[in-house]
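# Structural overview
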Amino acid sequence: MASKHTIATRHAQGIRARFASRFLRSLLRLRRSGNRFGGSQSNDEGIGKRIRTDRIKIAAYAAMARAVGPRRSWSRALLFKLRNRARIHGVSRKRCLVSEKKRVARNKVVAISREPSRADTLRKLVPGGDSMDTCVLLEETAHYIKCLATQVTVMQSIADRLLL
């Protein structure tokens, strides 16, 4: 009979393998799309590099959330956010700035009334944390941190192999 540690290790390796394959497929898709979306043919090289960086980051988050699947609240929230990103991305920049100013004005009133607790700060960091109670929030945070660590290890190993 397998111990809990052995099962947890197998599960972590499964997530790592699923994340790596999904992330590599996403990177391949980005590479095939070429310079259409901010590649090196961009007028300003800094802007092109920023766009590529953002796309790689989005691909990493999407691969991580898909590797975990809908079992976790943070992965569901992250997938929902990424799915709706295209709609939000289409909004004009000027309109977004106006709404941000209004939000800032509203938040100042709330911020004066009470100081955010550590759990409130944690809710801002974990995707979907707004709707979680403290116990579930801590559980989801622990899993999210493990997945972020896995993401870093996989990305580091990919970078190491590319440098060889």
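Anyway, here's the lowdown on the structure attached to this text. Quick caveat, the model's predicted, so the values are computed rather than measured. (Residues numbered from 1 in each chain as written. Predicted model: local features only at pLDDT ≥ 70, side-chain atom pairs only at ≥ 80, totals over all residues. Heavy atoms only, no water.)

The secondary structure content of the protein amounts to six helices and zero strands. Its helices and strands in sequence order give the protein the pattern α-α-α-α-α-α, from N to C terminus. The proportion of buried residues among the 164 residues of the protein is 24%. Contacts in the protein between residues far apart in sequence, at least 24 positions, make up 56% of those at least 6 positions apart. (Helix = DSSP H or I, 4+ residues; strand = E, 2+ residues; numbered from the N terminus. Buried < 20%, exposed > 50% of the residue type's maximum accessible area, 1.4 Å probe, protein only. Contact = heavy atoms within 4.5 Å.)

Turning our attention to the packing of aromatic side chains. Evaluated as defined, the whole model comprises two aromatic pairs. On the basis of an interplanar angle of 10° and a centroid distance of 5.5 Å, the ring pair of Phe19 and Phe23 is categorised as stacked. One end of the pair is Phe19 and the other is Phe23, both in helix H1 (residues 4-33) and four residues apart, which spans about a single turn. On the accessibility criterion, Phe19 (2% relative accessible area) is buried. (Phe/Tyr/Trp six-rings, centres within 6.5 Å; stacked < 30°, edge-to-face > 60°.)

This paragraph deals with helix H2 (residues 45-68). The terminal C-alpha atoms of H2 lie 35 Å apart, and with 24 residues this matches the ideal 34 Å at 1.5 Å per residue to within 8%. At the exit of H2 stands Gly69, carrying a positive phi of roughly 85°. (Expected span 1.5 Å × (residues − 1).)

For the rest of this paragraph, the subject is the pattern of salt bridges. Evaluated as defined, the whole model comprises three salt bridges. Between Arg72 and Glu140 there is a salt bridge, with its nearest N and O atoms 3.6 Å apart. With Arg72 in the loop between H2 and helix H3 (73-89) and Glu140 in helix H6 (residues 134-163), the pair connects residues that are 68 residues apart, well separated along the chain. Relative accessible area serves as the criterion here: at 22%, Arg72 is assigned to the partly exposed category. Judged by relative accessible area, Glu140 falls into the buried class, the value being 6%. With a closest N to O distance of 3.5 Å, Asp120 and Arg123 form a salt bridge. Here Arg123 and Asp120 lie together in helix H5 (residues 118-125), a separation of three residues that amounts to about one turn. Relative accessible area serves as the criterion here: at 18%, Asp120 is assigned to the buried category. (Salt bridge = Lys/Arg side-chain N within 4 Å of Asp/Glu carboxyl O.)

Okay, the packing of H5 against H6 next. For the pair H5 and H6, the least separation of the axes is 11 Å and the interaxial angle reads 45°. Taken together, H5 and H6 sit at an angle that is classed as oblique. Seen along the crossing, H5 lies across H6 with a hand that is left-handed. Contacts between H5 and H6 involve Ala119, Leu122, Arg123 and Leu125 from the first element and Thr134, Leu137, Leu138, Thr141 and Tyr144 from the second. Looking at the contact of H5 with H6 residue by residue, the classes come out as six nonpolar, two polar and one charged. (Axes fitted to C-alpha atoms, helices over the stretch in contact; angles between N-to-C directions. Parallel < 35°, antiparallel > 145°, perpendicular 65-115°, else oblique. Left-handed = near helix turned anticlockwise from the far one by under 90°. Nonpolar A, V, L, I, M, F, W, Y, C, P; charged D, E, K, R; others polar.)

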